[in-house]
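# Coordinates in review
One-letter residues, chain by chain:
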Amino acid sequence: MKIQILPSLLAADLGRLGEEIARVAAAGADALHLDVMDGHFVPNLSFAPDTSALCRRVLPEGFPINTHLMMTNPDAYGRRFAERGSTTVQFHLELRDTLNVRALAAELHGLGVRVGLALNPDTPAEVALPYLDCADEILCMTVFPGYGGQAFIPEVLPKIKALRAAAPALDIMVDGGVNAETAVQAAGAGANAFVAGSYLFRQADMGGAVADLRRRCEEAFATA
Ligand code: DX5
Ligand code: ZN
């Protein structure tokens with residue numbers, strides 16, 4: 001499986017947003033991770049559909065934008081992100097009692113974007129199993145969403161193992177507290193895609209850090 005490294009724009013210097021977006025592509029990352037927070041699903045607020053359009057304008061043509069909707073009504077916004085250049089839209093399965101997961105996945109697929117289903121650290125793998133057929137990737141949060149810069153929660157590792165066993169060919173992504181050490185733990189459990197915000201954006205040489213992370217994850221994933 002292809003190992004993917006995704007810098008999270010949440011950790012960028014917002015005073016230089018255009019340059020920071022360009023830095024992600026120049027670093028050889030596989031996609032840009034765009035965190036969207038609504039102040040309800042999580043206590044914080046972050047980016048909007050127009051940020052996706054800005055990323056689209058700055059990034060090279062075809063460079064993937066992986067948009068993580070931390071909001072209670074992703075069905076009202078998924079389309080807007082898809083229309084503004086996002087290439088994957090992820091939404092949370094904690095909403096499954098009030099949200100028609102399959103209908104939203106079908107709508108997004110109809111718009112030509114990939115679909116990611118996200119799980120908070122305390123949401124078990126079993127919640128995702130009935131939906132694996134309508135997802136292109138599963139996002140395992142390794143922190144409680146809302147803020148960058150938190151510590152990786154290793155208790156999520158068995159869930160990654162269980163999901164990898166259930167879905168050998170699916171992209172499994174981790175998000176939260178990812179650095180050179182924790183990424184290796186996640187890769188060893190079967191994750192193949194790695195979101196990193198503060199770890200990558202604080203590097204003077206983001207390209208070197210992306211290459212190093214990729215090499216470590218490839219090694220660890222091969223032995224998973
Ligand atoms: C957390 C976000 C993450 C965040 C990760 O709510 O979903 O994508 O940017 O940041 P770090 O890598 O700093 O934990
Ligand atoms: Zn995220």
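Residues numbered from 1 in each chain as written. Chains lettered and ligands numbered in written order. Predicted model: local features only at pLDDT ≥ 70, side-chain atom pairs only at ≥ 80, totals over all residues. Heavy atoms only, no water.

Here we come to the nonpolar core. Counting 76 residues, the largest nonpolar core has Leu9, Leu32, Leu117, Ile138, Ile160, Phe194 and Leu200 as the members making the most contacts within it. Leaving out residues up to four positions away in the same chain, isoleucine 160 has contacts with Cys140, Ile172, Val174, Ala186, Ala189, Gly190 and Ala191. (Core = buried A, V, L, I, M, F, W, Y, C linked by side-chain atoms within 4.5 Å. Buried < 20%, exposed > 50% of the residue type's maximum accessible area, 1.4 Å probe, protein only. Contact = heavy atoms within 4.5 Å.)

So, about the pairing of strand E8 (residues 193-196). It is a general feature of regular strands that their side chains alternate between the two faces of the sheet. Burial along E8 is two-sided: Ala193 and Val195 and Phe194 and Ala196, pointing in opposite directions, are all buried. Summarising the sheet, strand E7 (residues 171-175) and E8 pair through three bridges and their orientation is parallel. The residue bridging valine 174 from the neighbouring strand is phenylalanine 194, located in E8. Between the parallel elements E7 and E8, the chain passes through helix H6 (residues 180-189) in a crossover that is right-handed. (Helix = DSSP H or I, 4+ residues; strand = E, 2+ residues; numbered from the N terminus. Pairing = 2+ DSSP bridges. Right-handed = clockwise from strand over helix to strand, strands pointing away.)

On to the coordination of the zinc ion (ligand 2). At 2.0 to 2.3 Å from the zinc ion (ligand 2) lie its protein donor atoms, namely His33 (NE2), Asp35 (OD), His68 (ND1) and Asp175 (OD). Geometry at the zinc ion (ligand 2) is octahedral, judged from its six donor atoms and the angles of 70 to 169° they form at the metal. In terms of primary sequence, the donors binding the zinc ion (ligand 2) are separated according to H-x1-D-x32-H-x106-D. Of the two residues, histidine 68 sits in strand E3 (residues 65-70) while aspartate 175 sits in strand E7, which places them 107 residues apart along the sequence. Assessed through its relative accessible area of 0%, histidine 68 is described here as buried. (Donors = N, O, S within 2.8 Å, 3.2 Å for Na, K, Ca; no water. Tetrahedral: all angles 85-135°; square planar, octahedral: opposite > 155°, others 65-115°.)

By themselves these figures say nothing about function.
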